[in-house]
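The lines below spell out each chain.
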Amino acid sequence: MSYQVDITIVGAGVVGLAIASQVANEDRDVYVLEKNETFGQEASSRNSEVIHTGIYYPKDSLKAKTCLEGNTLLYDLCQKHGIGCKRIGKIIVATNDAEAEELQKLYNRGKDNGVELKMLSHRKMRQLEPNMTGVSAFLSPSTGIIDSQALMRYFLGKARDNGAQIAYRTKVIGVDKISGGYKVRVKDSQGSFSFITKVLINCAGLHSDEVARMVGIDVDEAGYKLHWCKGEYFSVGNGKNKLVSRLIYPVPKAGEGGTGIHVTLDLNGRMRLGPNAYYVDDIDYSVDSLQRKAFYESAVRFLPFIEYADLEPEMAGIRAKLQAEGEDFRDFVINHECDKGLPGFINLIGIDSPGLTSAPAIARYVSTLLEEILRNY
Ligand SMILES: Cc1cc2nc3c(=O)[nH]c(=O)nc-3n(C[C@H](O)[C@H](O)[C@H](O)COP(=O)(O)OP(=O)(O)OC[C@H]3O[C@@H](n4cnc5c(N)ncnc54)[C@H](O)[C@@H]3O)c2cc1C
């Protein structure tokens, strides 16, 4: 007779942990399985740590809605639980007339999504960021930065306090649909074993399409195949961090796969440029130092004080994207797969940016799906 649990979450990134913290309680067994030695070793600790506002995404998309809601929830959580964050604001700047036209469209989209934005006069631009140049710009006052490790520690602590168990070095290697649930095969340092779960929640980030395939979904047919898109960062030294006070972003180029190489500041005031965006076949977090020139050229357009010698390779992350290179916008997939004959299986696929910001709102959304599933059991 196999061991039986109520809810199994695959992946202890920010999304899996946020969900565990939301759904764990004393009346159910919740397990989080993580293949790495500890939580948050992949996308969740290899990103810009920006609390986004929902400017970039089509109205009513899950990305727009969960980002807007997540923004408010994150500031609230940070304030209540002493998680480091700062609402430093962000400026998006156009450096020529063509970009100014795109900037206006972005502003309109953001406003339409309900985001607070302010178009800036030249005088105001100079006043806010005297060392930035551009033909037009707008300010997003509620964009901020967050200590993503502290956020994950908070979710983990809350999940554990509510009774969830976390198993590290435990990789899901197979799943069979059985009557009333799923038989999950895992591999840990002792070998492999299996157990039964009523509900399975797939938060496996870069490998979530692989987990969906294990459960029996034809990933190509469902449109769930992931495309990995790398983003590298360069630190900016020589005291240049003192020359900006906010996050500064360019106008994204169509089909770029990201928000454009921008300036971020972390909570310690360190400045960096990134991320770029290019599709890769392997997970390799090294930074290609030959990219330095492209980073420099991209940033010097709106931050003329930056010099080539200020840049040093820093770190990289990989986005789990549903859209292949050159393809249009794809939304998060957050789906109870009962329509595919898989009741009790919740898939989260393509949780790229703004997944960190959206995490608490995604957790609420999944919790609603879960309560409905458990009611029907
Ligand atoms: C370069 C970059 C910049 C970004 N910037 C921002 C930003 O500024 N703001 C923002 O809001 N978002 C940002 N994002 C997006 C954000 O980081 C992600 O959306 C978020 O971290 C996704 O979290 P996750 O838990 O889904 O995935 P992950 O953090 O990747 O976690 C998935 C986990 O599943 C585990 N796993 C996988 N397969 C298995 C298996 N078979 N068995 C057991 N465990 C498994 C992995 O080991 C991993 O720990 C950025 C992303 C990147 C890459």
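Use the structure listed above.
What this report covers is the structure whose coordinates are included nearby. (Residues numbered from 1 in each chain as written. Predicted model: local features only at pLDDT ≥ 70, side-chain atom pairs only at ≥ 80, totals over all residues. Heavy atoms only, no water.)

A regular strand places its side chains so that they alternate between the two faces of the sheet. For strand S1 (residues 4-10) and strand S2 (residues 30-33), the ladder comprises 4 bridges, and the chain directions are parallel. Of the residues in S2, the one forming a bridge with Ile9 is Val32. For the crossover from S1 across helix H1 (residues 14-23) to S2, the handedness is right-handed. The pairing of S2 with strand S9 (residues 165-167) spans 3 bridges and is classified as parallel. Following the sheet pairing, Val32 is matched in S9 by Ile166. (Pairing = 2+ DSSP bridges. Helix = DSSP H or I, 4+ residues; strand = E, 2+ residues; numbered from the N terminus. Right-handed = clockwise from strand over helix to strand, strands pointing away.)

For the rest of this paragraph, the subject is the packing of aromatic side chains. Counting across every chain of the model gives 7 aromatic pairs. Aromatic pair Tyr296 and Tyr308: ring centres 5.9 Å apart, planes at 90°, arrangement edge-to-face. Here Tyr296 is found in helix H8 (residues 292-300), whereas its partner Tyr308 is found in the loop between H8 and strand S18 (311-321), with 12 residues between them in sequence. Taking relative accessible area as the criterion, Tyr308 reaches 44% and is therefore assigned partly exposed. If you follow Arg46 out to its NZ or CZ, it ends over the ring of Tyr285, 3.8 Å from the centre. A cation sits over an aromatic face here: Lys177 above Tyr182, 5.0 Å from the ring centre. (Phe/Tyr/Trp six-rings, centres within 6.5 Å; stacked < 30°, edge-to-face > 60°. Buried < 20%, exposed > 50% of the residue type's maximum accessible area, 1.4 Å probe, protein only. Lys NZ or Arg CZ within 6 Å of the ring centre and 35° of its normal.)

The next point concerns the site of the ligand. Near the ligand there are 36 residues, and of these Glu34, Ser44, Val50, Ile351 and Thr357 occur at the shortest range. Measuring from an oxygen atom of the ligand, one finds a side-chain N or O atom of Glu42 at 3.4 Å. Within the backbone of Val50, one N or O atom sits 2.9 Å away from a nitrogen atom of the ligand. Across the complex, the protein chains shield 98% of the 1000 Å² of accessible surface that the ligand would expose by itself. (Near = heavy atom within 4 Å. Polar contact = N/O pair within 3.5 Å; in protein donor to acceptor, adjacent residues only side chain to side chain. Areas by Shrake-Rupley, 256 points an atom, 1.4 Å probe, with all protein chains shown as cover.)

On to the packing of helix H2 (residues 62-81) against helix H5 (residues 148-161). Between H2 and H5, whose axes approach to 11 Å, the crossing angle comes to 75°. With respect to H5, the axis of H2 lies roughly perpendicular. Contacts between H2 and H5 involve Leu74, Leu77 and His81 from the first element and Leu151, Tyr154 and Phe155 from the second. Residue classes in the contact of H2 with H5 are distributed as 5 nonpolar, 1 polar and no charged. (Axes fitted to C-alpha atoms, helices over the stretch in contact; angles between N-to-C directions. Parallel < 35°, antiparallel > 145°, perpendicular 65-115°, else oblique. Contact = heavy atoms within 4.5 Å. Nonpolar A, V, L, I, M, F, W, Y, C, P; charged D, E, K, R; others polar.)

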